[in-house]
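Architecture at a glance
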Amino acid sequence: MRRGIFALAGLLLSACSALPVPIDLLGYLGTSKSGSFQQPLPAATIGFERPLPDKNGYSLDFSQEQLYSVRGAQVEYGATLSITSQTVLSGEVSLQAYLAPVNGEDLWQDKYKLGEAQHLQLAQGQSLLKLAGSVPFNNDQIQALNAKKLRFGVYAIGTVSSSQAATVTFNYEVTNLNLKVALF
């Protein structure tokens, strides 16, 4: 009888450790989860690159969360980019999300990419791009998660063409940033 109770308790504990623990990180971004920037555009085609919100990304310190030893995790993320201009534009803008540890390394390395880049074709008249995905963490990201400090950012790159000079306004917003963590 006693063995049966211990066996049942062991099964329940292992089942509970396999359940993902959700953590909503969007609140850690505060008011900086959205912003805008302007890009002067001559009557020509130009290329541009822009890390969002800046070259360091967002710093996320969630050390008050009750996480112990993380063995696996995935992140669900979402962001939007809208473009407004006084003139008709053509070209393409791509967005790529990144998640890295806070250890001095460059956030924008390939090993920190979250999923695939998503593209906005301006020639089709689109002015809104929604970036979304759900991606498992790699080992570097799991180590950063165990340290309870991460950096998150979105990199925008593309070419934009206009037949007349204009100023293009890009508005961005992080709309979702949820972790699902599996603990030991």
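Now for a look at the structure at hand. For clarity, every value in this text was computed on a predicted model and none was experimentally measured.

Another point: helix α2 (residues 139-146). All of the buried residues along α2 are Gln141, Ile142, Ala144 and Leu145. Mapping the buried residues of α2 onto a view down its axis gives an arc of 160°, with all of them on the same face. For α2, exposure combined with an orientation more than 90 degrees from the buried face picks out Asn139 and Gln143. Between the side-chain oxygen at the start of α2 and the backbone nitrogen of Asp140 there is a gap of 3.0 Å, and the oxygen is on Asn138. Once α2 ends, the next one or two residues include Lys148, with phi positive near 65°.

Glancing now at unusual backbone geometry. Residue Pro53 is bonded to the preceding Leu52 through a cis peptide linkage, with omega at 5°. With respect to the element layout, Pro53 can be found in the loop between β3 (45-52) and β4 (58-61). Of note, Lys148 is a non-glycine position whose phi angle comes to about 65°, a positive value.

What follows concerns the packing of aromatic side chains. Aromatic rings considered in pairs are described by the distance between their centres and by the relative angle of their planes. Inspection of every chain in the model, using the stated rule, returns 5 aromatic pairs. Centre to centre, the rings of Phe37 and Phe170 are 4.8 Å apart; their planes meet at 10°, and the pair counts as stacked. Here Phe170 lies in strand β10 (residues 166-183) and Phe37 lies in strand β2 (residues 34-41), a separation of 133 residues in the sequence. Residue classification places Phe37 among the buried positions, given a relative accessible area of 6%. Ring plane angle 80° and centroid distance 5.2 Å describe the contact between Tyr98 and Trp108, whose orientation is recorded as edge-to-face. Placement of Tyr98 in strand β6 (residues 89-101) and of Trp108 in the loop between β6 and β7 (113-121) is noted, with a sequence separation of 10 residues between them. Residue classification places Tyr98 among the buried positions, given a relative accessible area of 7%. A network of ring pairs unites the aromatic residues Phe37, Phe48 and Phe170 as a single cluster.

Any empty space left between the atoms is revealed when a probe the size of a water molecule rolls over them. Summed over all chains, the structure comprises 1 cavity of 30 Å³ or more. In this structure, the largest cavity is lined by Leu52, Pro53, Tyr58, Ala79, Thr80, Leu81, Leu95, Val154, Tyr172, Glu173 and Val174. Every element with two or more residues in the lining of the largest cavity is listed here: β5 (70-84) and β10.

Conventions adopted
Residues numbered from 1 in each chain as written. Predicted model: local features only at pLDDT ≥ 70, side-chain atom pairs only at ≥ 80, totals over all residues. Heavy atoms only, no water. Buried < 20%, exposed > 50% of the residue type's maximum accessible area, 1.4 Å probe, protein only. Helix = DSSP H or I, 4+ residues; strand = E, 2+ residues; numbered from the N terminus. Arc of directions from axis to C-beta. Polar contact = N/O pair within 3.5 Å; in protein donor to acceptor, adjacent residues only side chain to side chain. Phe/Tyr/Trp six-rings, centres within 6.5 Å; stacked < 30°, edge-to-face > 60°. 1 Å grid on protein atoms, 1.4 Å probe; cavity = no way out; pocket = protein on both sides within 12 Å on 5 of 7 lines; lining within 4 Å. Points joined across faces, edges and corners; volume = space filled by probe spheres on them.

By themselves, these are just geometric observations and shouldn't be taken as functional.
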